[in-house]
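Working through the structure, step by step
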Amino acid sequence: MALEFADKLNRIKVYPAADGYALGPEVALLASNETPYPPLPAVERAVAEALKGVNRYPDPANTQLRQALSRRYDVPASRIAIGNGSCDILLAAGEALLEPEAEIVYAWPSFSIYPHLAAATGARALAVPVDAEHKHDLDAMRREITVATRMVIVCNPNNPTSTALPLAEIAAFVADVPDHVAVILDEAYCEFNLLDDPDASVELLDRNPNLVLLRTFSKAYGLCGLRVGYALCGSEAFRNAVDAVRQPFFCNVAAQAAAIAALQSQDEIAARVERNLAERIALADGLEDLGLQAAESQANFVWFDLPEEADEREVVKGLADRQILVRAGTPLGREGALRVTVGTPEDNQRFLAALGELVVAPAEPRRKRRLFKS
Ligand SMILES: Cc1ncc(COP(=O)(O)O)c(C=O)c1O
């Protein structure tokens, strides 16, 4: 007899994770929006110290980390949730809020884990297309909210399109969403966003108990290998709900210690973000030299359409053959696009040179095509 699985398994799509981790050290990993910089010495020291205590379970309440976040953001620790990566909090939110008959609204293309929330719970997903500039269409999203809506996700800056909306627009949207709907503002990349102060959104929590700011140590803080994220919540109820549906020891001792050390290293993190931003500009300029125009990035990656005559799969394979891993657009929601993480200057140059070989460079005078058609 074959094993019998739950119905939801048929609905859940396999997360399109990057592969290539078995490749050699010379591989350019530009597929997962990681930071290219090695761990900070303070983080390494904190992890080494924490490892001495791995015969004990981690603090299930993540007390010190929540207190450190509370001091930094002036949000009560009781309204701060920790997760095994911010994905863990997202999945827990799905479990805690969604069920058949309930609805979830998000933009598309957006982070590929969002569809999983509905698939895993039987809720109805309303994926609202991004606009011509590949930004969230908040008016269209607002129109999809009904009495059945339990959760709305706004990803700002948005993965994979890299674009962001000004906080003022998001604030107006949140104010307009009915109180029974949890608004999750996924700010995984907020530190790279030049439109607003990354911490300005925290003030919105005071007047919106239904708002949750989802953040991670995986990107700017460079701790994705340890898996730790957090949510600043407008209400204790949300934190209690996501904690109730999870196993108790979801965040390990090394991750908790590393996150605290990283939080205390703001100057070094800011310097790294600045380097990354300079490289982002260089990468976008390099693409333009190839006749390709990236969407306006506010994140640590770029998103652009390949020339019409190029085959997305062949380009991704051609890059992989040259030991350069990027993300194909189709599984992320847009055929013919590529998402490329900002890497080291060397990796970015390698990528640009390889892309130049793979896509036919337009003849002079350069044909500047609008990549994101309406
Ligand atoms: C928009 C967005 N949110 C959340 C995450 C989850 O990050 P983590 O689980 O590593 O904290 C990612 C990771 O790529 C992301 O792109």
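This section reports on the structure supplied with the text. The structure presented is a predicted model; accordingly, all values stated were derived computationally and were not measured.

1. A word on the site of the ligand
Residues in contact with the ligand amount to 13 residues; listed here are only the nearest, Ser86, Asp186, Thr216, Ser218 and Arg227. The separation between an oxygen atom of the ligand and a polar side-chain atom of Tyr189 is 2.7 Å. Between an oxygen atom of the ligand and a side-chain N or O atom of Arg227, the distance comes to 2.7 Å. The fraction of the free accessible surface of the ligand (390 Å²) that becomes covered by protein chains is 94%. Residue composition of the shell around the ligand, by class: 5 nonpolar, 5 polar and 3 charged.

2. Structural notes on the side chain of Ser297
Here Ser297 shows up in the loop between α11 (266-289) and β9 (301-305). Classification of Ser297 by relative accessible area gives buried; the value is 11%. Among residues more than four places away in sequence, those in contact with Ser297 are Ser162, Arg280 and Val302.

3. Quick word on the packing of aromatic side chains
According to the stated counting rule, one finds 8 aromatic pairs in the structure shown. Taken together, a centroid distance of 6.1 Å and an interplanar angle of 65° make the contact between Tyr106 and Trp108 edge-to-face. Assessed through its relative accessible area of 25%, Trp108 is described here as partly exposed. Between Phe217 and Tyr230, the ring centres sit 5.3 Å apart and the planes meet at 45°, which makes this aromatic pair tilted. Taken together, the positions of Phe217 in the loop between β7 (211-216) and β8 (229-233) and Tyr230 in strand β8 put the pair 13 residues apart, joining distant regions of the chain. A relative accessible area of 0% places Phe217 in the buried class. The class for Tyr230 is buried, based on a relative accessible area of 0%. Among the aromatic side chains, those forming a connected cluster through ring pairs are Tyr73, Phe217, Tyr221 and Tyr230. Over the ring of Phe250 we find Arg246; its NZ or CZ atom is 3.8 Å from the centre of that ring. Seen from the ring of Phe301, Arg339 lies directly overhead, with NZ or CZ sitting 5.7 Å from the centre.

4. Some remarks on a negative patch on the surface
On the surface, a cluster of negative charge is made up of Asp74, Asp197, Glu203 and Asp206. Residue placement: Asp206 occurs in helix α8 (residues 204-207). Judged by its relative accessible area of 67%, Asp206 falls in the exposed class.

5. Digging into the sheet that holds strand β5 (residues 149-155)
Strand order in the open sheet formed by 7 strands is β2-β8-β7-β6-β5-β3-β4, with mixed pairing between adjacent strands. The sheet terminates laterally at β2 (80-83) and β4 (124-129), the two strands that pair on one side only. Mean inter-strand twist for the sheet, computed between neighbouring axes without regard to direction, equals 20°. Taken together, the 5 bridges between β5 and strand β6 (residues 182-186) define a ladder with parallel strand orientation. Residue pairing across strands places Ile153 opposite Ile184, the latter belonging to β6. Against the sheet, helix α9 (residues 236-244) makes contact with β2, β6, β7 and β8, and its axis sits at roughly 25° relative to β2, the strand it touches most.

6. A word on α9
Buried within α9 are the following residues: Phe238, Arg239 and Val242. Buried residues of α9 fall within an arc of 95° about the axis and therefore sit on the same side. In α9, the exposed positions angled more than 90 degrees off the buried face are occupied by Ala237 and Ala244. Elements in contact with the buried residues of α9: α3 (63-73), β2, α4 (86-97), β6, β7 and β8.

7. Description of the packing of α4 against α9
Running from amino to carboxyl end, α4 crosses α9 at an angle of 95°, the nearest separation of the two axes being 8 Å. On the basis of the axis angle, α4 is roughly perpendicular to α9. Across the interface between the two elements, Ile89, Ala92, Ala93, Ala96 and Leu97 from α4 touch Phe238, Ala241 and Val242 from α9. For the contact of α4 with α9, the residue count by class is 8 nonpolar, no polar and no charged.

8. Quick look at the nonpolar core
With 64 residues, the main nonpolar core has Leu65, Leu69, Ile82, Met141, Phe173, Phe217 and Val228 as its most contacted residues. Per-element tally for this core: the top contributor is helix α10 (residues 253-263), with 9 residues. If sequence neighbours within four positions are ignored, Val228 has contacts with Leu65, Ile82, Gly83, Asn84, Gly85, Thr216, Phe217, Ser218, Leu223, Cys251, Ala255 and Ala259. By size, the runner-up hydrophobic cluster in this structure holds 28 residues, among which are Ala93, Tyr114, Met151 and Val242.

What counts, and where the lines are drawn
- Residues numbered from 1 in each chain as written.
- Predicted model: local features only at pLDDT ≥ 70, side-chain atom pairs only at ≥ 80, totals over all residues.
- Heavy atoms only, no water.
- Near = heavy atom within 4 Å.
- Polar contact = N/O pair within 3.5 Å; in protein donor to acceptor, adjacent residues only side chain to side chain.
- Areas by Shrake-Rupley, 256 points an atom, 1.4 Å probe, with all protein chains shown as cover.
- Nonpolar A, V, L, I, M, F, W, Y, C, P; charged D, E, K, R; others polar.
- Helix = DSSP H or I, 4+ residues; strand = E, 2+ residues; numbered from the N terminus.
- Buried < 20%, exposed > 50% of the residue type's maximum accessible area, 1.4 Å probe, protein only.
- Contact = heavy atoms within 4.5 Å.
- Phe/Tyr/Trp six-rings, centres within 6.5 Å; stacked < 30°, edge-to-face > 60°.
- Lys NZ or Arg CZ within 6 Å of the ring centre and 35° of its normal.
- Patch = residues over 30% accessible without salt bridge, like charges linked within 9 Å, V, L, I, M, F, W, Y side chains within 5 Å.
- Salt bridge = Lys/Arg side-chain N within 4 Å of Asp/Glu carboxyl O.
- Lys, Arg positive; Asp, Glu negative; His and termini not counted.
- Charge placed at Lys NZ, Arg CZ, Asp CG, Glu CD.
- Pairing = 2+ DSSP bridges.
- Axes fitted to C-alpha atoms, helices over the stretch in contact; angles between N-to-C directions.
- Arc of directions from axis to C-beta.
- Parallel < 35°, antiparallel > 145°, perpendicular 65-115°, else oblique.
- Core = buried A, V, L, I, M, F, W, Y, C linked by side-chain atoms within 4.5 Å.

Any functional reading would require information that these geometric values do not contain.
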